Amino acid sequence: MGSLFEVIEAEEAEVRGRVEQLEVQLAEWLGAERERLSRLVITRETVVELLARMTGDSAVDESVSSAGDGSPFAGAERQVVGVLSVPKWQPGMEASALPRVYQDILEVVDDAPGPVRAKQVVPRIGLPVENGKIEVTRSKLKRLVVRGWLDETTPGLFTPSRTRKTHSSNSP
């Protein structure tokens, strides 16, 4: 009979150890989640402050701060702030419709005597020739291709869009 109690005590000690370990893990996880929640609250409050300052509308501050009225970001989808987008090219559209960095890229490609690669564009727009900068620029070049501003004659070689050049040379 003594050995049965020893087995039960050993099992009890093992389970107690696992419970204590889980309590420690739970406390760590709970602390991390509380920290994340705190950062999100601070971020939301900062965004409210900045939106109110940018729009000069104190109502933004009041409406977003009132926690009981649904989402604090209700209506935010109608007020886009600081979004850079590359519009699809249409006849008559000027490069000035693009964000500055895309205008610079377009100018480099337009001025080049032939097709250019991303690593040739990078130093001409004032960036250091590093893999990360080349990849980001390649992504921007491809976005310009998708939106009709440039052509990619062969993979990795970019030229001014034939359609865009044709329309701009025919304009008065």
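Use the structure listed above.
Conventions we followed
Residues numbered from 1 in each chain as written. Predicted model: local features only at pLDDT ≥ 70, side-chain atom pairs only at ≥ 80, totals over all residues. Heavy atoms only, no water. Core = buried A, V, L, I, M, F, W, Y, C linked by side-chain atoms within 4.5 Å. Buried < 20%, exposed > 50% of the residue type's maximum accessible area, 1.4 Å probe, protein only. Helix = DSSP H or I, 4+ residues; strand = E, 2+ residues; numbered from the N terminus. Contact = heavy atoms within 4.5 Å. Salt bridge = Lys/Arg side-chain N within 4 Å of Asp/Glu carboxyl O. Expected span 1.5 Å × (residues − 1). Pairing = 2+ DSSP bridges.

S.K.: Would you mind going over the nonpolar core with me for this structure?
M.R.: Across soluble globular proteins, nonpolar side chains have a tendency to be buried as a group. Counting 19 residues, the largest nonpolar core has Leu-98, Ile-105, Val-109, Val-121, Leu-141, Leu-144 and Trp-149 as the members making the most contacts within it. For this core, the elements supplying multiple residues, two or more each, are helix 3 (100-111), helix 4 (118-124) and helix 5 (131-146). Residues in contact with Val-109, not counting those within four places in the same chain, are Val-116, Val-121, Leu-141, Leu-150, Phe-158, Thr-159 and Pro-160.

S.K.: Before we go on, may I ask you to explain the pattern of salt bridges in this structure?
M.R.: Two side chains of opposite charge can pair, provided their charged atoms sit close to one another. The final tally for this structure, using the stated rule, is 7 salt bridges. The closest approach of N and O atoms between Asp-104 and Arg-100, which form a salt bridge, is 2.8 Å. Pair noted here: Asp-104 and Arg-100 are both in helix 3, with a separation of 4 residues, about one helical turn. Asp-104 sits in the partly exposed class, given a relative accessible area of 23%.

S.K.: Please clarify how helix 3 should be interpreted in this entry.
M.R.: Since there are 3.6 residues in each turn of an α-helix, residues three or four apart along the chain are aligned in direction. For helix 3, with 12 residues, the first-to-last C-alpha span of 16 Å sits near the 16 Å given by 1.5 Å per residue. Taken together, the buried positions of helix 3 are Tyr-102, Gln-103, Ile-105, Leu-106, Val-108 and Val-109.

S.K.: Whenever I open this one, the pairing of strand 2 (residues 157-160) confuses me. Can you help?
M.R.: Within a regular strand, the side chains alternate between the two sheet faces. The sheet contact formed by strand 1 (residues 150-154) and strand 2 spans 4 bridges and is antiparallel. Looking at strand 2, one finds that Asp-151 is bridged to Thr-159. Counted between consecutive antiparallel strands, the loop separating strand 1 from strand 2 contains 2 residues, among which Gly-156 sits at a positive phi close to 90°.

By themselves these figures say nothing about function.
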